[in-house]
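Here's the letter readout for the chains.
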Amino acid sequence: EMQAGNIAGAVAAAMDYAPLHSKDEDVKAQHAQLVYKAMGAVPDAKISTVAKTLSTPQCDMAMKYVYRAMAETHECSSMLKWHAALLKQGGLGSISRVVAS
Amino acid sequence: MANTLKTYLDAVRASLEACLCLTTFPSQQVERHNKPEIEVQSSKELLLTPLVVARNEDEKVLIESSVNSVRISLKIKQMDGMDQLLAHWFCRFLMQRAEQFIVLRRKAVDGFDLSFLITNTNLEKMWKHKLIDFVITFMEEVDKE
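Residues numbered from 1 in each chain as written. Chains lettered and ligands numbered in written order. Predicted model: local features only at pLDDT ≥ 70, side-chain atom pairs only at ≥ 80, totals over all residues. Heavy atoms only, no water.

Novice: What is the right way to read the packing of aromatic side chains from this model?
Specialist: How two aromatic rings sit relative to each other is set out by the distance from centre to centre and by the angle between their planes. All names here are of chain B. Tallying each qualifying case throughout the model produces four aromatic pairs over all chains. With a centroid separation of 5.6 Å and an interplanar angle of 90°, the aromatic rings of F116 and F138 are classed as edge-to-face. Of this pair, F116 sits in strand β4 (residues 114–119) while F138 sits in helix α6 (residues 128–144), and the two are 22 residues apart along the sequence. As far as the burial class goes, F116 and F138 line up, both buried. (Phe/Tyr/Trp six-rings, centres within 6.5 Å; stacked < 30°, edge-to-face > 60°. Helix = DSSP H or I, 4+ residues; strand = E, 2+ residues; numbered from the N terminus. Buried < 20%, exposed > 50% of the residue type's maximum accessible area, 1.4 Å probe, protein only.)

Novice: Mind showing me how you'd approach the sheet that holds strand β1 (residues 51–56) of chain B here?
Specialist: Sheets are built from strands that pair by backbone hydrogen bonding, the pairs being arranged parallel or antiparallel. Residue and element names in this part refer to chain B. Spatial strand order, β1-β2-β3-β4: four strands in an open sheet with antiparallel pairing. What marks the edges here is a single partner per strand, and that holds for β1 and β4. When strand polarity is set aside, the average angle formed by the axes of neighbouring strands in this sheet is 10°. Here six bridges tie strand β2 (residues 59–65) to strand β3 (residues 69–75), and the two strands are oriented antiparallel to one another. Bridge pairing in β3 places I63 opposite I72. (Pairing = 2+ DSSP bridges. Axes fitted to C-alpha atoms, helices over the stretch in contact; angles between N-to-C directions.)

Novice: Please clarify how the interface of chain A and chain B should be interpreted in this entry.
Specialist: Accessible area lost on assembly of the parts is the figure often given for the size of an interface. In this assembly, 16 residues from chain A lie in contact with 19 residues from chain B. In this assembly, chain A packs against chain B so that about 1400 Å² is buried in total across both faces, 72% of it on carbon and sulfur atoms. Connecting chain A to chain B are one residue pair in polar contact (both at pLDDT 80 or more). Among the secondary structure elements, those contributing two or more residues to the side of chain A that touches chain B are α4 (56–71), α5 (76–90) and α6 (92–100) of chain A. Residue classes in the side of chain A that touches chain B are distributed as 11 nonpolar, five polar and no charged. (Contact = heavy atoms within 4.5 Å. Buried area = accessible area lost by both parts, 1.4 Å probe. Polar contact = N/O pair within 3.5 Å; in protein donor to acceptor, adjacent residues only side chain to side chain. Nonpolar A, V, L, I, M, F, W, Y, C, P; charged D, E, K, R; others polar.)

Novice: Honestly, unusual backbone geometry in this entry has me stumped. Any pointers?
Specialist: One can expect most non-glycine residues to show negative phi and most peptide bonds to be in trans. Residues and elements named next belong to chain B. The phi angle at R32 is positive, at roughly 60°, despite the residue not being glycine. Relative to the elements of secondary structure, R32 occurs in the loop between α1 (2–19) and α2 (37–40). According to the relative accessible area criterion, R32 is exposed, its value standing at 83%. Positioned with a positive phi, I102 is a non-glycine residue whose angle comes to about 65°. Looking at the element boundaries, I102 is found in the loop between α4 (98–101) and β4. With a relative accessible area of 52%, I102 lands in the exposed category.

Any functional reading would require information that these geometric values do not contain.
Below you can see the structure in the form of structure tokens.
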């Protein structure tokens, strides 16, 4: 999907395929790498437009990955930008849903 | 530099606003006791996922919340030995006077320099937005030095 140049679609698809109930840490780590790649491919200026295209559950998943990335201190400056854009799209609810998951 | 500080503090502020929804919760172990669950950690269902907001490897905030309390741990940027020493003294000075601050914790969480503990009783007496402003201003001031 990323090769097709449809980066926004790639981010959305990555959220849809998130391994939610997997107990295997490797699977989660691999998926996280994929998510970071997709999110990292979005240039800074386009972050807010991509964030707008995400639906609420996708927005929540994306927030989760932003916090996971920050916990691993991975690409923090762009993650902070993603945080702001997702916050605008999802509101405080998206953070509450991350905390309650 | 100033730009990332603003996004960093905004992210912290938003995370705090979402996490500081506390309610009183009497202890399930001991009758008539009301303990901050994040400290006691008596039951898994009472604790929420901890959040990390990081600006880079040296500066991050860990927000651990539970039903009646939130623990906010800060890691201050320390670039060399001198900075480390100053940060250590500064934090010790503050932590020794933790009673004056009410929300400061006397001991920082492992790996962090300073910790705040906010419980539902604190929120009943103090305004939530003022408390968040306090934490954010604190971080700003420390960053300036």
